[in-house]
Amino acid sequence: MIHDDQNAEDMQQQIIRETFQLVSKRDDNVCNFLEGGTLIGGSDYKLIYRHYATLYFVFCVDSSESELGILDLIQVFVETLDKCFENVHYILAELCMGGMVLETNMTEILTRIEEQSKLEKSEVWKMICAHRHQTF
C-alpha cells in the first residue's frame, strides 16, 4: 500500500513538472489554452491557465469545458482570494519571488507580514496627520 502511495505521489509530481514546463515557457501575450501533455491525457484534455506575478493557476479540463468559462473562474478565484485575504500578495512575496523560495518558516513569514502591516498603518497615519495639519 505504501508503495502505491509513493507511485501516485511520484506521478503527481511528474504531472506538475510537465505542466509547469508547458505553461512557463509561453509568452504572456499568447493564448492561455494549450493541449494537455502526454501525462495529462494528451489531446483529450486542455490546460487552461492564468499567470499572476510568480503564480500560475492551471486547470486541466476535458474538451466539454468552456475555455473562457474556466478563465473567468480563475479570475474570480484570484479576485476572491485578494478580497478575503488582503495580505495575499505580501504572503506570496515572503514565500517566493521570481520562482525562488525565500522563506518556509511560517512564524517568520507572519512576523514580516505584521511588520509590513504596521509600516502601512504608520504611513497612513502620517498621511492623515499631514492632511489634517494642512487643513487647519
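Just so it is clear, the structure is predicted and the values come from calculations on it, not from any experiment.

**Regarding the overall build of the chain**
- Assigned secondary structure in the chain consists of four helices and five strands.
- Per-residue burial over the chain gives 19% buried out of 136 residues.
- In the chain, 25% of the contacts between residues at least 6 apart in sequence involve partners at least 24 apart.
- Accessible surface for the chain amounts to roughly 10400 Å². Of this, 57% is attributable to carbon and sulfur atoms.

**Topic: the pairing of strand E3 (residues 55–62)**
- In terms of strand pairing, strand E2 (residues 45–52) meets E3 through eight bridges, oriented antiparallel. Paired with tyrosine 49 across the two strands is valine 58, which belongs to E3.
- Connecting E2 to the next strand, E3, in antiparallel fashion are two residues, including alanine 53 with a positive phi near 50 degrees.

**Side note on the environment of serine 64**
- With respect to the helices, strands and loops of the structure, serine 64 is situated in the loop between E3 and helix H2 (67–84).
- With 19 residues separating them in the primary sequence, serine 64 and tyrosine 45 have C-alpha atoms 9.2 Å apart.
- A distance of 2.6 Å separates the side chain of serine 64 from the side chain of aspartate 62, its partner in a polar contact.

**Side note on the pairing of E2**
- Relative to E2, strand E1 (residues 33–35) is paired through three bridges, and the arrangement is antiparallel. Note that in E2 the partner of glutamate 35 across the bridge is lysine 46.

**Digging into the pattern of salt bridges**
- Throughout the structure, instances matching the rule amount to two salt bridges.
- In this structure, lysine 46 engages glutamate 67 in a salt bridge whose closest nitrogen and oxygen atoms are separated by 2.8 Å. Of this pair, lysine 46 sits in strand E2 while glutamate 67 sits in helix H2, placing them 21 residues apart in sequence.
- The salt bridge partner of arginine 112 is glutamate 108, with a shortest N-O separation of 3.2 Å. One end of the pair is arginine 112 and the other is glutamate 108, both in helix H4 (residues 106–135) and four residues apart, which spans about a single turn.

**So, the sheet that holds E2**
- Read across the sheet, three strands follow the order E1-E2-E3 without closing on themselves; strand pairing throughout is antiparallel. With partners counted over all chains shown, the strands left at the sheet margins are E1 and E3, one partner each. Direction aside, the axes of adjacent strands within the sheet are offset by 30 degrees on average.

Rules of the game
Residues numbered from 1 in each chain as written. Predicted model: local features only at pLDDT ≥ 70, side-chain atom pairs only at ≥ 80, totals over all residues. Heavy atoms only, no water. Helix = DSSP H or I, 4+ residues; strand = E, 2+ residues; numbered from the N terminus. Buried < 20%, exposed > 50% of the residue type's maximum accessible area, 1.4 Å probe, protein only. Contact = heavy atoms within 4.5 Å. Areas by Shrake-Rupley, 256 points an atom, 1.4 Å probe, with all protein chains shown as cover. Pairing = 2+ DSSP bridges. Polar contact = N/O pair within 3.5 Å; in protein donor to acceptor, adjacent residues only side chain to side chain. Salt bridge = Lys/Arg side-chain N within 4 Å of Asp/Glu carboxyl O. Axes fitted to C-alpha atoms, helices over the stretch in contact; angles between N-to-C directions.

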